[in-house]
There are 4 protein chains.
Amino acid sequence: MKKNKPKYNLIIDAAVDVIAENGYHGSQVSKIAKKAGVADGTIYLYFKNKEDILVSVFEEKMGQFIEQIASATSQRETASDKLLTLIQMHFRQLAANHHLAIVTQLELRQSNLTLRHQINSILKPYLDVIDGIIKEGIEQKIFRNDMNKQLMRQMIFGTLDETVTNWVMNEEKYDLVGLAPAVHDLLTKGIMVR
Amino acid sequence: MKKNKPKYNLIIDAAVDVIAENGYHGSQVSKIAKKAGVADGTIYLYFKNKEDILVSVFEEKMGQFIEQIASATSQRETASDKLLTLIQMHFRQLAANHHLAIVTQLELRQSNLTLRHQINSILKPYLDVIDGIIKEGIEQKIFRNDMNKQLMRQMIFGTLDETVTNWVMNEEKYDLVGLAPAVHDLLTKGIMVR
Amino acid sequence: MKKNKPKYNLIIDAAVDVIAENGYHGSQVSKIAKKAGVADGTIYLYFKNKEDILVSVFEEKMGQFIEQIASATSQRETASDKLLTLIQMHFRQLAANHHLAIVTQLELRQSNLTLRHQINSILKPYLDVIDGIIKEGIEQKIFRNDMNKQLMRQMIFGTLDETVTNWVMNEEKYDLVGLAPAVHDLLTKGIMVR
Amino acid sequence: MKKNKPKYNLIIDAAVDVIAENGYHGSQVSKIAKKAGVADGTIYLYFKNKEDILVSVFEEKMGQFIEQIASATSQRETASDKLLTLIQMHFRQLAANHHLAIVTQLELRQSNLTLRHQINSILKPYLDVIDGIIKEGIEQKIFRNDMNKQLMRQMIFGTLDETVTNWVMNEEKYDLVGLAPAVHDLLTKGIMVR
DNA sequence: GATGAATGAGTTTTCATTCAT
DNA sequence: TATGAATGAAAACTCATTCAT
């Protein structure tokens, strides 16, 4: 969060709203400027180009998103509890912010590859949090030690992401946060009976 | 697959190549026409518009993709074996077709929402195959009966999709098909020690 | 009228209908071909190009139109009666043929200058008929001898044309033929009281 | 005339020239922009689309045209004098502006029906001027009271329009303004000897 | 810092016409 | 004669970005 740059945050927040309302391709710079209450040219005093607005949106919003999760999980003891907390926080934050959910799950994915790569870098700290929990779980002898850790992380992240995307595409008609325990159960114990 | 429409398939295949090589946004109709060896106008004898080419690409290719998987899984007895086969076939087909993997995992996701919804409909039969395996597994008392079946499917599909996307974004540097048993193991038994 | 060329007339008549129904710019060659029940390519066995179809439409239809008028006026004695007959026939024929009225008064005027010049040549015999009546009227000492004859013809034709165009643009809501005597009266005696 | 919008008028005037020189169908937006000395995109800051340029051209130019005529006729006493003045002004203005004459008599008529209807609305005030003169003439007992007034107006406008169109199509080879008295004489007294 | 008028590159789609059968 | 699949040229419009004020 850039401090003492009120227009910077004005533009970021306007961008989230405009993209959520008009879709990625319907979000012209002039529309964002209008929503933010600044002139088109002013945008370019704070952002290099349009792509930079979008990267910054993701950076700012995901930054907060990840911080919240990192902070919350650090307060739990076992890796299993940490994972449940991560799932709950992941769902809770997106469920609480309708526009952000649409932008991250649907709209920003329509961007070009360059932007997608930048988005991936921004996501890196989140994947690191997951990796940390996995490592801890193994050390605590709670999680399996015979498995490719990268694969474990891909299963966790892939499952959460797919679950949220389905929920958004179903117009958020059911309770996402309520699914957290079941998702945790499935991820930890698998789909097979024991 | 439209039979006896040689130009139709010529254009579909050209589209896959052009999109894989130039990216979604760099794929002008004229480029596809040139690669297919037909005139620009000919495209419009077979497709309503540019979006229709992309939908058709996905339709044709995913149609074959799903058929292969449906056919292969039907030859296995237990739901667990079917799931392993599905994972293997999923990975094998995309690993075997570099261009198709890029197009489905990266390029086609840059499309607008209308197109994304159409893509989802095309994907529906694949999700049905997964749902069928889950149902069978429960009947065979192999898979858990206490879990939200939609969530189980989302975990399976989300994990496969994330795994393949990671592999493509890592420039396909490692053996994707070799990961199938581990992915199967994780999905069925979870990440926790028993 | 080309004899023994059934497809020729089929195409001409189809063209009138298609233009009346779809407007000048909505009348593609393929639409005319379809309406005529022939293949697109067949059109080019009878007409040099699209413009040639339109010229021929006007030629055929106006040919009949003018013949009717020339024949009817020749049966009247005085130039004044001939003029009344001409006006009546002009109005009657267009009132009787809705599609033809739309095509000649509105649609064909949207054509380019080349076509407009050709249309003018086709109209020449009609102007000749008017000129003949004027000349006869002067010889009969019924019409004024002190006036520019070309101007007299322009007044007559301009008035008829404007009257019909207004009637077509008003969706032919009133009785056009019934106006003939009044138009004749105005043209011969002018708008001023005597 | 939009005041203080220099680019607006620059584009309007460029459009008249370009259309007169290249014809209606040969007048690309880019050609008009180039002639006006602005970028293509600038056109769209002042006009909704290409058709809007054409409507505006007619609006501006006919607005001035009609104002001149309305002002000049109002300074004459009798309806007959007013009519003569109207004819003179009509001819004089078009004779004085070669490009405008071509555009109004030939090029703008090639437009589609939507545009033609808009052109008709713009022409309405001119027809109102004619109607006013007719009404006045009847009140002054100069013009006939036994005639359909709409028909009288159609004769006047149709005659002027046909006369000017003939003159333009004959490459303006003779003196149009000099014809005014004869046209006035024909319109008021008709073609018949008394 | 802030403005917003001006720029101009870039692409899908239509449709008259051809020609191998 | 007749067909109809194939051709390919041609143009309006959008919008990210700049820069004089």
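Treat the numbers as computed from the prediction; the structure is a model and nothing was measured.

### A few points about the relation of the copies chain B and chain A
Then comes step 1: Placing chain B over chain A gives an RMSD of 0.2 Å and needs a rotation angle of 180°, together with 0.0 Å of translation along the axis. The operation mapping one copy onto its partner corresponds to a two-fold rotation axis.
Then comes step 2: Taken as a fraction of all interface residues of chain B, those also at the interface in chain A reach 100%, which identifies the copy contact as same-surface.

### A closer look at the UniProt feature "domain: HTH tetR-type" (unreviewed entry) in chain A
Then comes step 1: According to UniProt, the positions carrying the feature "domain: HTH tetR-type" (unreviewed entry) are residues 5–65 of chain A.
Then comes step 2: As annotated, residues 5–65 of chain A comprises 79% helix and 0% strand, and the C-alpha atoms at either end are separated by 21 Å.

### Remarks on the nonpolar core
Then comes step 1: C:Phe143 and D:Phe143 are the most contacted members of the largest nonpolar core, which totals 141 residues.
Then comes step 2: Residues A:Tyr24, A:Leu127, B:Ile102 and B:Val183 belong to the second largest nonpolar core, which totals 140 residues.

### Overview of the packing of aromatic side chains
Then comes step 1: Evaluated as defined, the whole model comprises 12 aromatic pairs over all chains.
Then comes step 2: Residues C:Tyr8 and C:Phe47 carry aromatic rings whose centres are separated by 5.1 Å and whose planes lie at 15° to one another, so their mutual orientation is stacked. With C:Tyr8 in helix H1 (residues 6–22) and C:Phe47 in the loop between helix H3 (40–46) and helix H4 (50–74), the pair connects residues that are 39 residues apart, well separated along the chain. Side by side, C:Tyr8 and C:Phe47 carry an identical accessibility label, which is buried.
Then comes step 3: An aromatic cluster is present here, built from A:Phe65, A:Tyr126 and A:Phe157 joined pairwise through their rings.

### Brief notes about the protein's contact with DNA strand E
Then comes step 1: Around DNA strand E, the structure places 26 residues, and the nearest of them are A:Thr42, A:Tyr46, C:Lys50, D:Thr42 and D:Tyr46.
Then comes step 2: A share of 72% is what sugar and phosphate atoms reach among the atoms of DNA strand E within 4 Å of the protein.
Then comes step 3: The side chain of A:Tyr46 places a nitrogen or oxygen atom 2.7 Å from a phosphate oxygen of DNA strand E.
Then comes step 4: Among the secondary structure elements, those contributing two or more residues to the surface near DNA strand E are helix H3 (40–46) of chain A, helix H3 (40–46) of chain B together with helix H3 (40–46) of chain D.
Then comes step 5: Its residues assigned to classes, the surface near DNA strand E shows 12 nonpolar, 9 polar and 5 charged.

### Considerations on the relation of the copies chain D and chain C
Then comes step 1: With an RMSD of 0.2 Å, chain D superimposes on chain C once it is rotated by 180° and translated 0.1 Å along the axis.
Then comes step 2: Here 100% of the contact residues of chain D are again contact residues in chain C; the copies associate through an equivalent surface.

### So, helix H4 (residues 50–74) of chain B
Then comes step 1: Taking 1.5 Å per residue as the helical rise, H4(B) with its 25 residues ought to reach 36 Å, and the 36 Å between its terminal C-alpha atoms agrees with that figure.
Then comes step 2: For H4(B), the side-chain oxygen to backbone nitrogen distance between the N-cap and B:Glu51 is 3.3 Å, and the N-cap itself is B:Asn49.

Procedures and definitions
- Residues numbered from 1 in each chain as written.
- Chains lettered and ligands numbered in written order.
- Predicted model: local features only at pLDDT ≥ 70, side-chain atom pairs only at ≥ 80, totals over all residues.
- Heavy atoms only, no water.
- Least-squares fit on C-alpha atoms with pLDDT ≥ 70 in both.
- Contact = heavy atoms within 4.5 Å.
- UniProt positions renumbered as here; feature names shortened; annotations may be inferred.
- Helix = DSSP H or I, 4+ residues; strand = E, 2+ residues; numbered from the N terminus.
- Core = buried A, V, L, I, M, F, W, Y, C linked by side-chain atoms within 4.5 Å.
- Buried < 20%, exposed > 50% of the residue type's maximum accessible area, 1.4 Å probe, protein only.
- Phe/Tyr/Trp six-rings, centres within 6.5 Å; stacked < 30°, edge-to-face > 60°.
- Near = heavy atom within 4 Å.
- Polar contact = N/O pair within 3.5 Å; in protein donor to acceptor, adjacent residues only side chain to side chain.
- Nonpolar A, V, L, I, M, F, W, Y, C, P; charged D, E, K, R; others polar.
- Expected span 1.5 Å × (residues − 1).

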